[in-house]
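Residue strings, one per chain:
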Amino acid sequence: MTSELIETLWRQFGVEAGEHFDLLEKLLSAGRGDGSQAERIAALFRSFHSLKGAARAMDLFAMEAVAHRAETILGRVRGGALTLTEEVAAPLLEALDALRGLAEAGMRDRRDGQAPADLLARLDALGGEGPAAKPAPAPPPPPPVRLHENERMLGLFVGLLHDGMATLTRALDLDTLDAEGLRSVDDTADRLELACERLNFLPFADTLRRFREALAARDADAILRELQAVATASARIGRLTGKDAGAAILATLLADHNAQILAQGGARADAVLADPAALAEASVAAELAGLLDRMAATLDIVRLPRGSALLRVLADVMRRAAPTDAAPKHADWPVLIADARSMLANLAERAARDPAEDLDADGVAALEARLRAFVDAVSAEREAGEARRPLTADDLSALGLDPGLLRFLSPDSTADLRAAIADPEMRLYEVTAFLETSPEVASGFVQWMGSKVRAITNWPEFIDGKTWLRVLIASSQELPALADALGGIDPGGGFLRIRACAPSDPAGDGAEPLAPDVPVPADAPSLPAVQSAGAPVATAAPPPPAAPSARPAATAAGGVLRVPGEVIDRFMARIDGMVLLSGDLNATANDLRLESALAALTERLGAGDPDLRALREAVEHHRRDLLDLDTQLSRSVDRLREAALDLRVVPIETLFNQFPRVVRELARGQGKSVRFVTEGGEVRIDKSMVEMLYDPLMHMVRNAIDHGIEPAADREAAGKPAQATLSLRAIQRNSRVVVEIVDDGRGIATEAVRAKAVRQGLIGEEDSLNLSPDAVREFIFAPGFSTADTVTETSGRGVGMDVVRTAITRLGGSIAIRTREGAGTAFAIDLPLSAAILRTLLVQVDDQVLAIPDRFVEEVCGFTADDFHRVSGCWTVMRRKRVLPVVRLADALGFPADGEWPPSGPGQRLVVVLRQGGRRIGLEIDKLLRRGDLFVRESHPGLADVPGVGGVSLLNDGRIVIILDGDELYRLAALAQRREADAPA
């Protein structure tokens, strides 16, 4: 048999085994009332039987033995000798886990494994084979087992661990570690990781793997954190074996390293704070903020949380309030600096003790409150007053405006909108205009805008392959009068549309919505009762009698075509090339240069030449045909891409099916009764999103069971059913998918969140009382925030919801909360249908085409050389009466840059205004290309590690487009600005 055929058989075995594993997981985790019990048992029997045959075909006899015993048990269930209770399903789930492990090992090593003897014995007893076949009381708990049954291998591992510690600690001195030293440390960690896997010390192996990843990234903070975890694990092994596993030397070296970081950092911070004038330089304040953050990370490792929190607050002050335009105006600044120096000295002295001591809680809280109050005062002064206070999504909805408009409202346009709202004679309208075809319409529209109405803001919109302009206006005239005026400018009605913005008709008269990514309102009136049309798929305790509609557990394989994922990706790449070609055709069809040239020729030769008139009419006729062809092709390509996208998407049910067993085991471990319900499993999402969504959903499901759902006794006392309901559902809204995690538990205690946020120094007591309930609940997304009083296996560590929001944001989504105390909580995750299609702004720097994600772009502006001025060592321009720092995009990315900086000579330079939260920075570019959708391709790991790179794509001419990471791009631009400020003028 050829090696190619053998590899094909192994791949086919892996696919079929994976399908059976997924089906078995779903069926074994389902509750007793879920569908026909006979069909469920038959499907389980068939899958175990199929796995047994597939394993035998691949000579995986250990896997065959486990599957045979599971099949025997289900044979007894089918015959009526056993009932498929939770006590019977539990060992079958263990058998399923063992089968997964044996299959994975067989595919990896291409040889048979060894089935766990104790599991085989328990399965034999349950299946009626062997002396333990008759029913018997539960066996007593097994005696404590040794750390590992192979004492000789364990001894070798301890020796290897002891000898490797000294090598691992070399990673603490990254600056002195050359390539050879780096390789030596990595090889040692690799050997230890492999040994851990062989001994089944999987958590320790994961720690060593993360250490190697941090080493490859030269991430000093992560290296220190993982070495601390290595020290903890090796100390535990030393205690259990009674041997020296090297923990003592590693702990000593780590303590010395941490003490050195704190001592050097404290001395540098004290030196900077001793000279408040030095903090007038933004670069010095930024350097101090970074230093304080690194010291805070070290304090986290040595478990001094109050000192760590204080340093982070002080770092925030340095970033937000230290520059000269704010701090010197406040008399409190010198006093705060002096008190901060005193507290830092106290912290340094306490951290050097053995054991280290944290700061007093009262002193830290008082200083943090003063620092936050100072920052708030500075921030308040920078605001232009109530007229420029940002609007909220609720404000816009009340005005009949789309909440997506928020991203286009600058402080100035916000002030204009508030003024229009305050004027009782003014009404709001939205005008949609296409100005690229008819110069007459464009000219008339501009004159009308300048004289008849008040423009508030505008934004571009890509509709049917063309870039339209949307304008929000205010006018005292009624809609018919405005429509008549626009009809005089555009008699055919093909280029200008208008609608009134009224709360009762947010969609207007059929015009396109403001933005395709309208978020799900976070303020739904009340939390709905979890009454689902979908069948419950798992229970942690027997559910109440129900009669859901039966559904076949498995369908025939006919009509299913298995295609490798890379084939689909290549097909999508071809479609993406057609999209780009369609965009180029659109640009050509709307190019007015030929028409302008003919107009100039007509003016020069005279309009009376009949041949010239005929030529111009022929060109205009040809151009109209080209525009029609462009419209038809654009729509055809859009439909083709939508159809092709269906090949990349999978039912979200494949993601949901991974949770029933998790819910069941977590609820059982906490003594709670939980009914798990799924809805909308037929909703389809991009296959690349399934894996990325698993961790965020897992964290929220764990939180719901641990925090949200009460014990049965508490629920009954509150008048609720003893069994709680946890629902996971998906809803498709146009090109968006909303995933909701809903429980009917105790809800989020807003007051408890507010109090904990105050205690953690996230906000001052007085300021917290002025926040709305929605704003208070946003604190649960703060790093390190947790309302749990005790740390459990599933929660209370203060790590999670911030990571959840970060992961969802990276997918281009958002998360909102609905809650009612005593009734329950719902988290709504709003996501794009596909993470593979990205809306971007294409720009060019030198010969390289770059794509900036559209959600990070506020606008593109043009400035002359005279507009650039140096402020605090940085080049800036005035935009909307505010100073905007500007750097070259090439400098931010480290590209070679031609030409002078700042620009000189005639002409305009294009600047992309990059937005990150409330911050803005300008990026000077060589050329603006267009907005467009890109198919994000998998990039080479080496390119993915380059700072600022978020992915790659291709243009239709074969050129590579580098897709930039918006957050990382902002960071690189800010670094380039600081380098510019540090450079001599």
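Reading guide: rules and limits
For every chain, the first residue of the written sequence is number 1, and numbering continues from 1 along that sequence. It should be noted that, the model being predicted, local features are given only for residues of pLDDT at least 70 and side-chain atom pairs only at 80 or more, the latter also being counted only at that level, while totals for whole chains, interfaces and linings use all residues. The side-chain figures draw on all heavy atoms in the structure; neither hydrogens nor water molecules are used. Should DSSP find at least two bridges between two strands, the strands are regarded as paired. Strands are runs of DSSP state E lasting at least 2 residues, helices are runs of H or I lasting at least 4, and numbering of each runs from the N terminus. Note on definitions: angles span 0 to 180 degrees between N-to-C directions of axes, and those axes are lines fitted to C-alpha atoms, for helices only across the stretch in contact. The contact rule is simple, with two residues in contact once any of their heavy atoms fall within 4.5 Å. Residues forming no salt bridge and having over 30% relative accessible area are the ones grouped into patches, like charges within 9 Å of each other and nonpolar side chains (Val, Leu, Ile, Met, Phe, Trp, Tyr) within 5 Å. In short, Shrake-Rupley with a 1.4 Å probe defines the accessible areas, and a residue's cover is counted only from the protein chains shown. Whenever Lys or Arg places a side-chain nitrogen within 4 Å of a carboxyl oxygen from Asp or Glu, that contact is recorded as a salt bridge. Think of it in three bands: residues with accessible area under 20% of the maximum for their type are buried, residues over 50% are exposed, and the middle band is partly exposed, with areas taken using a 1.4 Å probe on protein chains only. Each angle is binned into one of four classes, with values under 35 degrees roughly parallel, values over 145 roughly antiparallel, values of 65 to 115 roughly perpendicular, and all other values oblique. Crossing handedness follows the turn of the near helix against the far one: under a right angle anticlockwise gives a left-handed crossing, and clockwise gives a right-handed one. The pairing test for Phe, Tyr and Trp rings, Trp by its six-membered ring, is centres within 6.5 Å, and the orientation test on the planes gives stacked under 30 degrees, edge-to-face over 60, and tilted for anything in between.

Draft legend 1. Examining the sheet that holds strand 16 (residues 869-871) more closely. Ordered by their spatial adjacency, 6 strands build an open sheet running 15-19-20-18-17-16, and the pairing between neighbours is mixed. Both edges of this open sheet fall to strand 15 (857-864) and strand 16, since each of them pairs with a single strand only. Strand after strand, the sheet turns through a mean of 45 degrees between neighbouring axes, direction not considered. When strand 17 (residues 874-879) meets strand 18 (residues 882-888), the two strands line up antiparallel, connected through 4 bridges. Considered in strand 18, the bridge of Thr876 is made with Pro885. The strands touched by helix 32 (residues 966-982) within the sheet are strand 16, strand 17, strand 18, strand 19 (908-916) and strand 20 (919-925), with strand 20 carrying the most contacts at an inclination of about 80 degrees.

Draft legend 2. Seen up close, a nonpolar patch on the surface. A cluster of nonpolar side chains, Phe571, Met578, Leu640 and Leu647, forms an exposed patch at the surface whose accessible area comes to about 330 Å². For the nonpolar patch, the elements supplying multiple residues, two or more each, are helix 19 (565-589) and helix 21 (610-648). Within the fold, Leu647 resides in helix 21.

Draft legend 3. Broad picture of the pattern of salt bridges. Taken as a whole and judged by the stated rule, the model has 39 salt bridges. Glu430 is the salt-bridge partner of Arg499, the closest N and O atoms lying 3.2 Å from each other. Taken together, the positions of Arg499 in strand 4 (residues 496-500) and Glu430 in strand 1 (residues 427-433) put the pair 69 residues apart, joining distant regions of the chain. On the basis of relative accessible area, Arg499 is assigned to the buried category, the value being 5%. The exposure class assigned to Glu430 is buried, which follows from its relative accessible area of 2%. Through salt bridges with shared partners, a single ionic network connects Glu858, Glu859, Arg879, Arg880, Arg915 and Arg920.

Draft legend 4. Layout of the packing of helix 7 (residues 179-198) against helix 8 (residues 202-217). Taken N-terminus to C-terminus, the directions of helix 7 and helix 8 make an angle of 160 degrees; their axes are 8 Å apart at the nearest point. Between helix 7 and helix 8, the angle is such that the two are roughly antiparallel. The handedness of the crossing between helix 7 and helix 8 comes out as left-handed. Residues Leu182, Val185, Asp186, Ala189, Asp190, Leu192, Glu193, Cys196 and Glu197 of helix 7 touch helix 8, and the partners they reach there are Leu202, Phe204, Ala205, Leu208, Arg209, Phe211, Arg212 and Leu215.

Draft legend 5. Unusual backbone geometry, seen in detail. Its identity as a non-glycine residue notwithstanding, Arg218 has a phi of 50 degrees, on the positive side. Mapped onto the elements of the fold, Arg218 is located in the loop between helix 8 and helix 9 (220-241). Looking at Arg218, the relative accessible area reads 40%, which means it is partly exposed. Even without being a glycine, Ser872 presents a positive backbone phi close to 55 degrees. Among the structural elements, Ser872 can be located in the loop between strand 16 and strand 17. On the basis of relative accessibility, which here comes to 51%, the residue Ser872 falls in the exposed class.

Draft legend 6. Spatial organisation of the packing of aromatic side chains. Following the criterion strictly, the structure yields 3 aromatic pairs and no others. Ring centres of Phe434 and Phe495 lie 6.4 Å apart, and the angle between their planes is 20 degrees; on these two criteria the pair is classed as stacked. Taken together, the positions of Phe434 in the loop between strand 1 and helix 17 (439-451) and Phe495 in the loop between helix 18 (479-489) and strand 4 put the pair 61 residues apart, joining distant regions of the chain. Residue class for Phe434 comes out buried when judged on its relative accessible area of 3%. The class of Phe495 is partly exposed, set by a relative accessible area of 23%. A centroid spacing of 5.6 Å and a plane angle of 75 degrees characterise the contact between Phe868 and Trp901, whose relative ring orientation is edge-to-face. With Phe868 in the loop between strand 15 and strand 16 and Trp901 in the loop between helix 30 (889-893) and strand 19, this pair connects stretches of sequence that are 33 residues apart. Comparing Phe868 with Trp901 shows no difference in burial state: the two are buried.

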